[in-house]
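Here is how the chains run, residue by residue.
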Amino acid sequence: MLLNKLGDPYKVNRFPRTYEGWGFSSSSVDAITFRASKNIRVFGIGMYKFQTDAQGTIKFVRGSEVNDTALINENISTNKLEQTSEDKIVRFKFPRPISVKAEENYTVVLIFTSGRCCYGEEGVVTTTGEKDVIFTFAYCNGSSNGTSVESGLVPEIYYYV
């Protein structure tokens, strides 16, 4: 039997509703900033599934600006992402878990140049994830394609406590 030394995986979902019709152009940057109430290790994100394959970049940065220090900077093909139990969400796992310090800002950045996908609506500023980790979301400077606290492309964050 193989044991996971990182503990059980958990997630937080920030959107109660999903719609279709989010688009991208040559300068599309979608980003959301968050902080957690406890020290956690983030090992990936859930993003909405694209209608067709798209190429892009996923960054995980320390801070609240798109161009802050990138802890993860990966080029991806959306058709190679792992399907989740949620029909419209796919999972991107980081090459390694990233330590996130309590009450410090971190930002998820998605950069795509074409495609269409679903998006979340009615997002909240604060929500409680599994293991009572409180996540607070904020607008990210440099997010130019509409992602905000209220709507966007990153419904889930996966983490260990």
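Everything that follows concerns the structure shown earlier in this document.
Source: prediction; values computed, not measured.

(A) Quick peek at the sheet that holds strand S6 (residues 70-77). Ordered in space as S6-S5-S9-S3-S12-S11, the 6 strands form an open sheet in which the pairing is antiparallel. The outermost strands of the open sheet, each flanked by one partner alone, are S6 and strand S11 (126-128). This sheet shows a mean twist of 20° between the axes of neighbouring strands, independent of strand direction.

(B) Looking closely at the pattern of salt bridges. Under the definition given, this model contains 4 salt bridges. One salt bridge connects Arg35 with Glu103, and the closest N-O pair in it is separated by 3.3 Å. Here Glu103 lies in the loop between strand S8 (89-100) and strand S9 (106-112) and Arg35 lies in strand S3 (residues 28-36), a separation of 68 residues in the sequence.

(C) Quick look at the sheet that holds S8. Sheet architecture is open: 5 strands sit in the order S1-S13-S4-S8-S7, paired in antiparallel fashion. Strand pairing shows two members of the sheet lacking a second neighbour, strand S1 (10-13) and strand S7 (82-83), which therefore form its edges. Summarising the sheet, strand S4 (residues 40-48) and strand S13 (residues 156-160) pair through 5 bridges and their orientation is antiparallel. Its bridge partner being in S13, Ile45 is matched across the sheet by Ile157.

(D) Expanded view of the packing of aromatic side chains. Per the counting criterion, the structure on display carries 17 aromatic pairs. An angle of 45° between the planes, with centres 6.0 Å apart, marks the rings of Phe34 and Phe135 as tilted. Of this pair, Phe34 sits in strand S3 while Phe135 is found in strand S12 (residues 134-139), placing the two residues 101 residues apart along the sequence. The same class applies to Phe34 and to Phe135, which are both buried.

(E) A look at the nonpolar core. Ranked by size, the top nonpolar core spans 45 residues in total, and within it Phe34, Val42, Met47, Phe60 and Phe135 carry the most contacts. Apart from the residues within four sequence positions on either side, Val42 is in contact with Phe34, Phe60, Phe94, Arg96, Pro97, Ile98, Val100, Ile157, Tyr158 and Tyr159. Among the nonpolar cores identified, the runner-up in size contains 5 residues, and Val29, Ala31, Val109 and Cys140 belong to it.

Conventions used here
Residues numbered from 1 in each chain as written. Predicted model: local features only at pLDDT ≥ 70, side-chain atom pairs only at ≥ 80, totals over all residues. Heavy atoms only, no water. Pairing = 2+ DSSP bridges. Helix = DSSP H or I, 4+ residues; strand = E, 2+ residues; numbered from the N terminus. Axes fitted to C-alpha atoms, helices over the stretch in contact; angles between N-to-C directions. Salt bridge = Lys/Arg side-chain N within 4 Å of Asp/Glu carboxyl O. Phe/Tyr/Trp six-rings, centres within 6.5 Å; stacked < 30°, edge-to-face > 60°. Buried < 20%, exposed > 50% of the residue type's maximum accessible area, 1.4 Å probe, protein only. Core = buried A, V, L, I, M, F, W, Y, C linked by side-chain atoms within 4.5 Å. Contact = heavy atoms within 4.5 Å.

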